[in-house]
Amino acid sequence: MDDPITTLLESYLDRRLRGESIEVDEFLAHAGIRGTERARLRALLQCVEDAPPPGELILRPLQCSTEVESSASRPGTIGPYRLLRVLGSGGQGTVYLAHDPRLSRALALKVWSGTGRAATPERLLREARMAAKIDHPNLCTIYEAGEIEGRTFVAMMYVPGSTLAQHIERTRGRAAGGPAVVAIPESNREDAEQAVPPALGANDDDLAMVLILFEKAARALHAVHEAGIVHRDVKPSNLMITPEGEPVWLDFGLARDGESSALALTVTGEILGSPAYMSPEQTRGGSGSEIDRRSDLFSFGVTLYESVTLRRPFDGLTREALLEAIRAVDAQEASAVNPDLPGNLSIVVSRCLEREPRRRFSTALELADELGRVRRREPILTRLPRVHERLARWI
């Protein structure tokens, strides 16, 4: 017997693709299901409603099958997965919103596209193996990975919401070019108000929410590192913020585990990562062994800096100029860019951005604890370098 949720979803998609305007509540009222099944169907229909208009949907609904069938004859499926729409694409492949009729759930399906210099099916499967090592509520869960008819795929948790990068851009649009703290979803506003003492600085509620978000993100990153993995691509576009305000790290495509002395899947000397968020050691294109968890903490600091100032700490007219700035220029203190920030937060961010890895936090857990102290207005453990220490860096 067909799964009723799958049958109803196909009916809804079929009507949408014929150009019908459908109210989700009205459709559910006539669906004949209740309770958990109704909630699951609502979530799937909401995913469809978030898609482009019907004429732009990339795939048509097809009959469900748990058997692997020809991709050519069934362009809307990969194995058991029904493809609904494109969520994004990059050098490694395309990510689709998909439906798994076996478990009646939405998921994200990354499919290798064969484009990009660093893109290989081995790297995609390697990413899945990396992420599957860790079980943490603030990390994207991997469900399955493999190949079907020569197409390499990874099935993972679908995380609704917007990336931190999107929230930063929206806040920039409202800030009229001035410094400000990124605005994130309102769902955790009450928690933030209870978690922050008065007179924290900046916009108290917004800053408290950012600190809560980054503290959780740092603890999740610590779990990654404790599993022996270096992410190597920490940046705002890889941090999804759910509608409830929860951070979820995505994309382990450039990650390296401790079992690999060097990244065999990478061309020797190739610089991998997003230039604006690279650590100094990444910009030099060193071997994998030279890039440890402290590299991720530098990238985390760049991300945090941008989130509390709406500016990146390093800039350059060309890619090489940007990389040279990361290697040689001290970033302006965050509190100098946004004077409303508490000084202790600026100190914590500056420690993340130290050019020498030994001067940064040792672990993401240590960083998370410091962010918690800033939020609670407790004394931090980090201290500014003494004058003679600063001078020594230039000798």
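Throughout, a residue's number is its position along its own chain's written sequence, starting from 1. Local features are withheld for residues below a pLDDT of 70 in this predicted model, meaning they are given only at 70 or higher, and side-chain atom pairs are given and counted only at 80 or more; totals for whole chains, interfaces and linings count all residues. Where side-chain values are given, they derive from all heavy atoms of the structure, hydrogens and water being excluded.

Caption draft 1: Just the pairing of strand β2 (residues 81-89), in detail. With two bridges joining them, strand β1 (residues 77-78) and β2 adopt antiparallel strand pairing. Directly across from Ile78, in β2, lies its bridge partner Tyr81. When DSSP finds at least two bridges between two strands, those strands are taken to pair. Only DSSP runs of H or I reaching four residues or more are called helices, and only runs of E reaching two or more are called strands; each is numbered from the N terminus. The turn joining β1 and β2, which pair antiparallel and follow one another in sequence, is formed by two residues; a positive phi near 60° is taken by Gly79. In this structure, β2 lies alongside strand β3 (residues 93-100), joined through six bridges in antiparallel fashion.

Caption draft 2: Inspection of unusual backbone geometry at higher detail. Positioned with a positive phi, Ser104 is a non-glycine residue whose angle comes to about 55°. Counting through the fold element by element, Ser104 comes out in the loop between β3 and β4 (105-112). Throughout, exposure labels follow a simple rule: accessible area from a 1.4 Å probe, protein chains only, divided by the maximum for the residue type, with under 20% read as buried, over 50% as exposed, and the rest as partly exposed. By relative accessible area, Ser104 is classed as buried at 9%. Of note in this structure, Arg232 is not a glycine but carries a positive phi near 70°.

Caption draft 3: Highlighting the packing of aromatic side chains. Pairs were defined over the aromatic rings of Phe, Tyr and Trp, the Trp ring being its six-membered one, requiring ring centres within 6.5 Å. Orientation was assigned from the angle between planes: stacked under 30 degrees, edge-to-face over 60, tilted for the rest. Per the counting criterion, the structure on display carries four aromatic pairs. Between Phe214 and Phe300, the aromatic rings sit 5.4 Å apart at their centres with planes inclined by 90°, giving edge-to-face as the arrangement. Of the two residues, Phe214 sits in helix α7 (residues 204-226) while Phe300 sits in helix α9 (residues 293-309), which places them 86 residues apart along the sequence. Judged by relative accessible area, Phe214 falls into the buried class, the value being 1%. Overall, the relative accessible area of 1% leaves Phe300 in the buried class. Taken together through their ring pairs, the aromatic side chains of Phe214, Trp249 and Phe300 make up a single cluster. For a ring to carry a charge above it, either NZ of a lysine or CZ of an arginine must fall within 6 Å of the ring centroid while also lying within 35 degrees of the normal to the ring plane. Lying over the aromatic face of Tyr143, Arg105 brings its terminal NZ or CZ to 3.7 Å of the ring centre. Positioned above the aromatic ring of Phe361 is the side chain of Arg351, whose terminal nitrogen or guanidinium carbon lies 4.2 Å from the ring centre.

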